[in-house]
Amino acid sequence: MSSLNYTESELHAARAVYDHTLGAGDGWMHEIKAGQTFRIVDLEGNQAADTLFYDARDFGHRYSAQDTIRRQACLYLTTGTRLYSSGGYVLLTITADTCGRHDTLGGACATESNQVRYALDKRWMHACRDTFMLQLQKWGNGATKADIAHNINFFMNVPVTPEGGLSFEDGVSSGGRYVEMQAERDVVALISNCPQLNNPCNAWNPTPIRLLLWN
Ligand SMILES: [Zn+2]
């Protein structure tokens with residue numbers, strides 16, 4: 001844990017132009033204008049916020065985990081990390097982080113993976129992929145499940161072992177910790193506040209998150 005980097009923000013919630021609490025298991029899709037700062041607060045701790053970003057002008061250009069990892073030669077996201085698009089340009093830059101590390105390898109839960117990983121009857125449990133699809137349909141610009149690419153799991157702890165293995169571990173986040181990023185261009189954020197009950201990504205207890213924007 002000592003290697004984790006904590007950077008606090010100077011911004012005050014009272015000055016935010018947008019302030020929304022997203023319930024456990026719910027979805028959210030919202031435009032963030034170039035220059036705005038976006039904060040996600042893990043209100044009660046150990047909650048995974050599965051997040052996708054799109055270029056607001058062209059959903060064909062979206063957050064790319066591959067480009068983000070490769071260009072910075074780093075597997076984890078924290079302060080200073082630039083979130084690259086599949087078009088090779090920066091969508092947002094992380095400017096503050098009191099959690100210290102975020103995952104972009106573990107992927108989002110789906111009914112199919114719940115069934116394969118956990119049990120046959122888990123297929124009917126609500127999953128992030130369903131939330132992504134529902135929110136995209138509501139957005140109504142023609143985006144479909146083909147536009148759901150690899151996501152970020154804010155506040156989720158998926159350490160890579162020296163042998164290259166992935167493990168889903170207890171969170172390193174706790175109540176009130178947050179991550180903040182500045183949009184480098186107009187982007188659309190799509191969040192599934194993960195409803196997962198079968199692994200420790202939410203400490204077996206999905207909880208709300210708070211979403212704020214500053215101009
Ligand atoms: Zn999930």
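Here, every reference points to the structure presented above.
Keep in mind that this is a model prediction, so the values were computed, not measured.

Looking at the coordination of the zinc ion
- Note on the zinc ion: its protein donors are C109 (SG), C128 (SG) and C194 (SG). The metal-donor distances range over 2.2 to 2.3 Å.
- Sequence positions of the donors to the zinc ion reduce to the motif C-x18-C-x65-C. Of this pair, C128 sits in helix α3 (residues 128-139) while C194 is found in the loop between β10 (187-193) and β11 (209-214), placing the two residues 66 residues apart along the sequence.
- Note on C194: relative accessible area 2%, which makes it buried.

Comments concerning the nonpolar core
- Ranked by size, the top nonpolar core spans 30 residues in total, and within it F38, I40, F53, L83, F154, M181 and I191 carry the most contacts.
- If we skip the residues at most four places from it in the chain, M181 touches Q36, T37, F38, I40, F53, L83, L92, T93, I94, T95 and F154.
- L52, Y54, V188 and L190 belong to the second-largest nonpolar core, a separate cluster that totals 11 residues.

Quick notes on the sheet that holds strand β3 (residues 37-42)
- Ordered in space as β1-β11-β3-β9-β7-β6, the six strands form an open sheet in which the pairing is antiparallel. Taken across any chain shown, the strands that pair with only one partner, and hence form the sheet edges, are β1 (18-22) and β6 (82-84). On average, each strand axis in the sheet is inclined to that of its neighbour by 20 degrees, with strand direction left out of account.
- Judged from the five bridges that link them, strand β7 (residues 90-97) and strand β9 (residues 177-183) form a sheet pairing that is antiparallel. By the bridge assignment, T93 is partnered in β9 with Q182.

Rules used in this analysis
- Residues numbered from 1 in each chain as written.
- Predicted model: local features only at pLDDT ≥ 70, side-chain atom pairs only at ≥ 80, totals over all residues.
- Heavy atoms only, no water.
- Donors = N, O, S within 2.8 Å, 3.2 Å for Na, K, Ca; no water.
- Helix = DSSP H or I, 4+ residues; strand = E, 2+ residues; numbered from the N terminus.
- Buried < 20%, exposed > 50% of the residue type's maximum accessible area, 1.4 Å probe, protein only.
- Core = buried A, V, L, I, M, F, W, Y, C linked by side-chain atoms within 4.5 Å.
- Contact = heavy atoms within 4.5 Å.
- Pairing = 2+ DSSP bridges.
- Axes fitted to C-alpha atoms, helices over the stretch in contact; angles between N-to-C directions.

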